[in-house]
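# Structure at a glance
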Amino acid sequence: MSELNEYHIETANWVNKVIMKYNICPFARREVERNSIRYYCSENTKVKQVMKDFLNECQYLDEHPNVETTLFIMPRGFEGFYSYLDIVDLANDKLFENEYEGVYQLASFHPDYCFEGEPQDSAANFTNRSPYPTIHIIRESSMEAALAEYDEPETIPERNIAFAERKGAEFFTALLKQCRVDPLNNK
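Note that this is a predicted model, so its numbers are computed, not measured.

## Thoughts on the pattern of salt bridges
The final tally for this structure, using the stated rule, is seven salt bridges. Among the ionic pairs, E10 bridges to R180, the shortest N-O distance being 2.8 Å. Placement of E10 in helix α1 (residues 6-20) and of R180 in the segment after α7 (169-178) is noted, with a sequence separation of 170 residues between them. Residue R29 pairs with E33 through a salt bridge whose shortest N-O separation is 3.9 Å. Placement of both R29 and E33 in helix α2 (residues 28-34) is noted, with a separation of four residues, approximately one turn of the helix. Classification of R29 as partly exposed rests on a relative accessible area of 40%. For E33, a relative accessible area of 59% corresponds to the exposed category. Among the ionic contacts, a cluster of salt bridges with common partners joins R30, E31 and R34.

## Digging into the packing of α1 against α7
In contact at an axis separation of 9 Å, α1 and α7 are set at 150 degrees when each is read in the N-to-C sense. When the axes of α1 and α7 are compared, the crossing they make is right-handed. Counting all contacts with α1, which are made through W14, K17 and V18, the residues of α7 involved are F172, L175, L176 and Q178. Partitioning the contact of α1 with α7 into residue classes produces five nonpolar, one polar and one charged.

Cut-offs used in this document
- Residues numbered from 1 in each chain as written.
- Predicted model: local features only at pLDDT ≥ 70, side-chain atom pairs only at ≥ 80, totals over all residues.
- Heavy atoms only, no water.
- Salt bridge = Lys/Arg side-chain N within 4 Å of Asp/Glu carboxyl O.
- Helix = DSSP H or I, 4+ residues; strand = E, 2+ residues; numbered from the N terminus.
- Buried < 20%, exposed > 50% of the residue type's maximum accessible area, 1.4 Å probe, protein only.
- Axes fitted to C-alpha atoms, helices over the stretch in contact; angles between N-to-C directions.
- Left-handed = near helix turned anticlockwise from the far one by under 90°.
- Contact = heavy atoms within 4.5 Å.
- Nonpolar A, V, L, I, M, F, W, Y, C, P; charged D, E, K, R; others polar.

Structure (structure tokens):
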């Protein structure tokens, strides 16, 4: 496991100060309170090594059922959104190749996330913007159970986009800045 660093802290801040606080993911609070979210940082910049780290993280989840989900953080090498999307595609391929299809599913987050057809500066993009390129590895069975308990889960993305558009890009830009670690007090 990678040691705790600013990438972990800033990503955890984002989960708490953005995702959970504004209910972007209605399932996050439970996992934050249970301390069942794992933050793993792959310091590698070579695709082959990142994919090895990714598969190791899937195996970690296999071996640790008390860990509900992993936020797989890639702070360097995938700052460009399109190169990041290539990594997400490869990770999905690795799920299939390693018989994890139906076991894990992925959600993607990036500092420059942009939905297809949306302008780069659209507030809607902030529903998937994070401090660092991040792949969320989700246990599919847990997601299915959570969605079964939630009324009209298909409305979650629409609700989030409407909220983001109401608040505006400047609001979310400021929120993401608040997630950064203050080098003077490491918070």
